[in-house]
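Residues per chain are reported as follows:
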Amino acid sequence: DVKVTQSSRYLVKRTGEKVFLECVQDMDHENMFWYRQDPGLGLRLIYFSYDVKMKEKGDIPEGYSVSREKKERFSLILESASTNQTSMYLCASSLGQTGNTIYFGEGSWLTVV
Amino acid sequence: KNEVEQSPQNLTAQEGEFITINCSYSVGISALHWLQQHPGGGIVSLFMLSSGKKKHGRLIATINIQEKHSSLHITASHPRDSAVYICAVPPPSYGGSQGNLIFGKGTKLSVKP
C-alpha cells in the first residue's frame, strides 16, 4: 500500500525557532509537494520538487525553504517561525506526469506561539 | 491561471439522501481529481477522470470537458461520508509545474443520522 509519512502530527514551537517538517514517501515518486491549509483558503502550494535536489516555488514560498537530498524525502524548513505560520501542513507525492494520482500524508498541525 | 470553483461550500444532508457536489474550472484540462478530507486532516484521492463517468461504490464522478464542469455524486449517503470534498485540476501549462494541482476551496458535507 502506498504511503506518505509526515514525521510530526502535532507541533508547538516558539516564535523565532527553526522548524523542520519531514516527509517520506515509499512509492519512488518523482514529484513531492508541500502545502499549507487554512480555513477558507483551501490548499496552497508552498514548494514542490520534481527531482532530487530540484525545487520550485509555489504560491506562498516566503518564510519557507525546502530540501530534497534523496528521492524519497522532502523537508520543509521554517527558518524563523512566526505566528502567521500556524497552520496545517500537508505533504504529497505523485509520479512525474500531470494526470497521475496524488497521495497525501496525514498532515502536520503546527502552532507557533 | 486555472480558476476552480466548487459549490456548495457547505452541505447538510439526512442519511440516505442523494448528494451532488459541483466543480467548475476555467481552462481546459487533461484530468480532474476529486479528493476527500476527513476531520483530522489526511486527504485521500477518490477519483481522477478525464472524460465521462467513474463509479466506486456509492460514489460517482462525472465530467463534461466541453462545459468545463464536473460533479461528484453520493448515493444513499451515510454519516461516515461526512468530510470535505475537494476538486483539483492541473495548471494550464507545464514548464516546471508538472504534477502540480490547483485546488478548489472544498465542500464541507455533513450527513446527519
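Residues numbered from 1 in each chain as written. Chains lettered and ligands numbered in written order. Predicted model: local features only at pLDDT ≥ 70, side-chain atom pairs only at ≥ 80, totals over all residues. Heavy atoms only, no water.

Participant: With reference to specific residues and values, describe the overall build of chain A.
Facilitator: If you tally the helices and strands in chain A, you get 0 helices and 11 strands. A compact globule built from 113 residues should have a C-alpha radius of gyration of about 13 Å, and chain A, at 13 Å, falls within 12% of that. Dimensions of chain A, computed from C-alpha atoms along their principal axes, come out at roughly 40 × 30 × 25 Å. Counting only residues that meet the buried cut, chain A has 49% of its 113 residues in that class. In chain A, once contacts between residues fewer than 6 apart in sequence are set aside, the share between residues at least 24 apart is 55%. When the accessible area of chain A is evaluated, it comes to approximately 5400 Å², of which 49% is carbon and sulfur surface. Each charge sign in chain A was given a centre, from 14 positive and 15 negative side chains, and these centres are 5 Å apart. (Helix = DSSP H or I, 4+ residues; strand = E, 2+ residues; numbered from the N terminus. Rg over C-alpha atoms; globule rule 2.2 N^0.38 Å. Buried < 20%, exposed > 50% of the residue type's maximum accessible area, 1.4 Å probe, protein only. Contact = heavy atoms within 4.5 Å. Areas by Shrake-Rupley, 256 points an atom, 1.4 Å probe, with all protein chains shown as cover. Lys, Arg positive; Asp, Glu negative; His and termini not counted. Charge placed at Lys NZ, Arg CZ, Asp CG, Glu CD.)

Participant: Describe the pattern of salt bridges, with residues and values.
Facilitator: Here the structure, examined in full by the defined rule, presents 8 salt bridges over all chains. Between E79(A) and K18(A) there is a salt bridge, with the nearest N and O atoms lying 3.5 Å from each other. Remark: K18(A) occurs in the loop between strand 2 (10-13) and strand 3 (19-25) and E79(A) occurs in the loop between strand 8 (73-78) and strand 9 (87-94); sequence separation between them is 61 residues. A salt bridge links D81(B) to R58(B); its shortest N-O distance comes to 2.9 Å. Linking D81(B) in the loop between strand 8 (69-74) and strand 9 (83-89) with R58(B) in the loop between strand 6 (52-56) and strand 7 (59-64), this pair joins segments that are 23 residues apart in sequence. On the basis of relative accessible area, R58(B) is assigned to the partly exposed category, the value being 24%. One network of salt bridges, with partners in common, ties together R36(A), D38(A) and R44(A). (Salt bridge = Lys/Arg side-chain N within 4 Å of Asp/Glu carboxyl O.)

Participant: Give a detailed account of the nonpolar core, specifying residues and quantitative values.
Facilitator: Within the largest apolar cluster, 23 residues are counted, with the highest numbers of intra-cluster contacts made by L32(B) and W34(B). Within the residue set of this core, elements represented by two or more residues are strand 3 (19-25), strand 4 (32-37), strand 5 (43-49), strand 7, strand 8, strand 9 and strand 11 (107-112) of chain B. Counting residues in hydrophobic clusters, the runner-up holds 21 residues, among them W34(A), I60(A), F74(A) and L76(A). (Core = buried A, V, L, I, M, F, W, Y, C linked by side-chain atoms within 4.5 Å.)

Participant: With reference to specific residues and values, describe the interface of chain B and chain A.
Facilitator: The interface of chain B with chain A comprises 22 residues on the first partner and 27 residues on the second. Of the roughly 1900 Å² buried where chain B meets chain A, counting both sides, 57% is carbon and sulfur surface. On inspection of chain B and its partner chain A, the count reaches 0 salt bridges. The tally of links between chain B and chain A comes to 1 residue pair in polar contact (both at pLDDT 80 or more). Split into classes, the residues belonging to the side of chain B that touches chain A amount to 9 nonpolar, 12 polar and 1 charged. (Buried area = accessible area lost by both parts, 1.4 Å probe. Polar contact = N/O pair within 3.5 Å; in protein donor to acceptor, adjacent residues only side chain to side chain. Nonpolar A, V, L, I, M, F, W, Y, C, P; charged D, E, K, R; others polar.)

Participant: Account for the pairing of strand 4 of chain B, naming residues and giving values.
Facilitator: Residue and element names in this part refer to chain B. Burial of strand 4 is extensive: 6 of the 6 residues sit out of reach of the surface. Taken together, the 6 bridges between strand 4 and strand 5 define a ladder with antiparallel strand orientation. Within the sheet, the bridge partner assigned to H33 lies in strand 5 and is M48. In this structure, strand 4 lies alongside strand 9, joined through 5 bridges in antiparallel fashion. Following the sheet pairing, W34 is matched in strand 9 by C87. (Pairing = 2+ DSSP bridges.)

Participant: Break down the sheet that holds strand 7 (residues 64-70) of chain A for me, citing the residues and quoting the values.
Facilitator: All names here are of chain A. With antiparallel pairing, the 4 strands of this open sheet are ordered in space as 1-3-8-7. Of all the strands in the sheet, just strand 1 (4-6) and strand 7 have a single pairing partner and so form its edges. The average angle at which neighbouring strand axes cross in this sheet is 20 degrees, direction not considered. Two strands pair when backbone bridges link them, and strand 7 and strand 8 are joined in this way by 5 bridges, in the antiparallel orientation. In the strand pairing of strand 8, K70 is matched with R73. (Axes fitted to C-alpha atoms, helices over the stretch in contact; angles between N-to-C directions.)

Participant: I'd like a description of the side chain of S93(A), backed by residues and values.
Facilitator: Residues and elements named next belong to chain A. Following the sequence through the fold, S93 ends up in strand 9. Of note is the side chain of S93, whose polar atom sits 2.8 Å from the side chain of H29. Discounting residues that sit within four places of it in the chain, S93 has contacts with V4, Q25, M27, H29, N31, M32, F33, T101, I102 and Y103.

Fair warning: the whole summary comes from geometry, so function is off the table for now.
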